[in-house]
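# Descriptive analysis of the structure
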Amino acid sequence: MSSIDHKEILEQYYQNEYDFNTASLSMADIADLKKLVREKRVDYNLAPLGVGIFDWILKQNSDIRFERVSFDTEKIDGLLYIPTTGKERAYIILNSNKPLINQIFTAAHEYYHYIMDYQKFQKMPYVCDFGMLKDVNEMKASRFAAELLLPEEALSREIQDYLCLKNMKRENLDFGDFAAMIIFLTIRYQIPLKAVIYRLFEEHYIDNIDKFIENYDFIKQILKEIKIFKKSVKVLYGTENNYVLPYSSTYQDMEKAFVTGNASKENILEDAAKLELDMNVINDFLAEEDEVEEDDDDDELFSIINANRG
């Protein structure tokens with residue numbers, strides 16, 4: 001296979017800033033997504049998933065790996081990568097420059113592509129072509145992620161709890177009440193604030209979404225100024241992610257594929273470049289294997305000499 005500029009591939013196939021507006025999805029599409037989320041969330045019931053998404057995805061399928069990459073461009077949130085070194089493997093690549101709360105949503109979004117679209121790409125090496133999926137599939141992935149992180153039933157329960165706490169009726173809720181709930185839900189369910197706004201709209205709790213989108217920056221600023229949420233905000237809006245193992249097993253997978261002969265040195269180098277992995281680590285195990293092979297050759301040579309002498 002001819003060499004491909006990995007920078008060009010990432011620019012072409014990256015998952016851009018998410019569009020949380022899934023209004024154009026059909027009722028059947030939404031029903032299917034809700035059913036899928038209920039099936040997947042069975043162990044969590046209505047509990048917040050949040051940072052648990054990374055471990056949860058790994059438990060769902062042992063063939064998935066996570067990598068965090070510091071992309072040169074801020075436009076990239078993440079991508080789903082299928083390498084040449086093993087078609088059974090899939091890598092969810094997260095932009096380590098993005099806030100943790102974005103990485104959480106990205107993981108859920110890319111997991112949808114894995115469970116629903118993987119078959120389409122088994123014969124396509126390297127990177128899943130999001131351009132082929134069209135906008136409707138991106139909407140499905142985003143809606144799945146939002147529903148997975150903040151399910152309909154959990155949202156309903158939170159609304160009811162708020163009404164009971166305030167001794168109010170739903171029809172009496174105003175902008176301030178919803179803004180307070182948006183902030184609370186963002187922190188509790190660790191889902192992007194804008195996604196929470198759309199969840200309220202999707203489940204018909206708010207009608208005039210434009211008013212909330214126009215005041216998005218204002219609500220987010222209030223969120224960051226609330227003292228009791230200061231620690232949570234620092235974690236969620238910081239880029240540190242201690243929930244994905246550093247250097248995970250991607251390097252181990254590649255080393256094993258090389259040692260067992262399932263991937264050539266050229267395959268390893270191409271995949272490592274496209275994933276923007278640490279080439280020092282890659283070159284180290286490639287060099288070590290070369291040394292082992294040379295030692296084996298020397299041992300064999302000495303054995304032949306000694307046998308002929310004896």
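In short, a report on the structure. Because the structure is a prediction, the values reported are computed rather than measured.

## Some points on empty space enclosed by the protein
- Overall, the coordinates contain one cavity of 30 Å³ or more when judged by the stated rule.
- Taken as a whole, the largest cavity encloses approximately 30 Å³ of empty space.
- Around the largest cavity sit Phe20, Thr22, Ser142, Arg143, Ala146, Tyr198 and Glu202, which together line it.
- Those elements that provide at least two residues to the lining of the largest cavity are helix 5 (130-149) and helix 8 (193-202).
- Here the element with the most residues in the lining of the largest cavity is helix 5; it accounts for three residues.
- The class makeup of the residues in the lining of the largest cavity is three nonpolar, two polar and two charged.

## Focus on the environment of Ile219
- With respect to the helices, strands and loops of the structure, Ile219 is situated in helix 10 (residues 216-225).
- Take Ile219: its relative accessible area is 1%, and that puts it in the buried class.
- Separated by 25 residues in sequence, Ile219 and Lys194 place their C-alpha atoms 9.9 Å apart.
- Not counting the four nearest positions on each side in its chain, Ile219 is found in contact with Phe175, Ala179, Ile182, Ile183, Leu193 and Phe212.

## Here we look at the packing of helix 7 (residues 175-189) against helix 10
- Following both chains from N to C, one finds helix 7 and helix 10 inclined at 60°, their axes separated by 10 Å at the closest point. In terms of their interaxial angle, helix 7 and helix 10 are classed as oblique. At the point where helix 7 passes helix 10, the crossing takes the right-handed sense. When helix 7 is examined against helix 10, the residues Phe175, Ala179, Ile182, Ile183, Thr186 and Ile187 are found in contact with a partner set consisting of Ile219, Ile222 and Leu223.

Calculation notes
Residues numbered from 1 in each chain as written. Predicted model: local features only at pLDDT ≥ 70, side-chain atom pairs only at ≥ 80, totals over all residues. Heavy atoms only, no water. 1 Å grid on protein atoms, 1.4 Å probe; cavity = no way out; pocket = protein on both sides within 12 Å on 5 of 7 lines; lining within 4 Å. Points joined across faces, edges and corners; volume = space filled by probe spheres on them. Helix = DSSP H or I, 4+ residues; strand = E, 2+ residues; numbered from the N terminus. Nonpolar A, V, L, I, M, F, W, Y, C, P; charged D, E, K, R; others polar. Buried < 20%, exposed > 50% of the residue type's maximum accessible area, 1.4 Å probe, protein only. Contact = heavy atoms within 4.5 Å. Axes fitted to C-alpha atoms, helices over the stretch in contact; angles between N-to-C directions. Parallel < 35°, antiparallel > 145°, perpendicular 65-115°, else oblique. Left-handed = near helix turned anticlockwise from the far one by under 90°.

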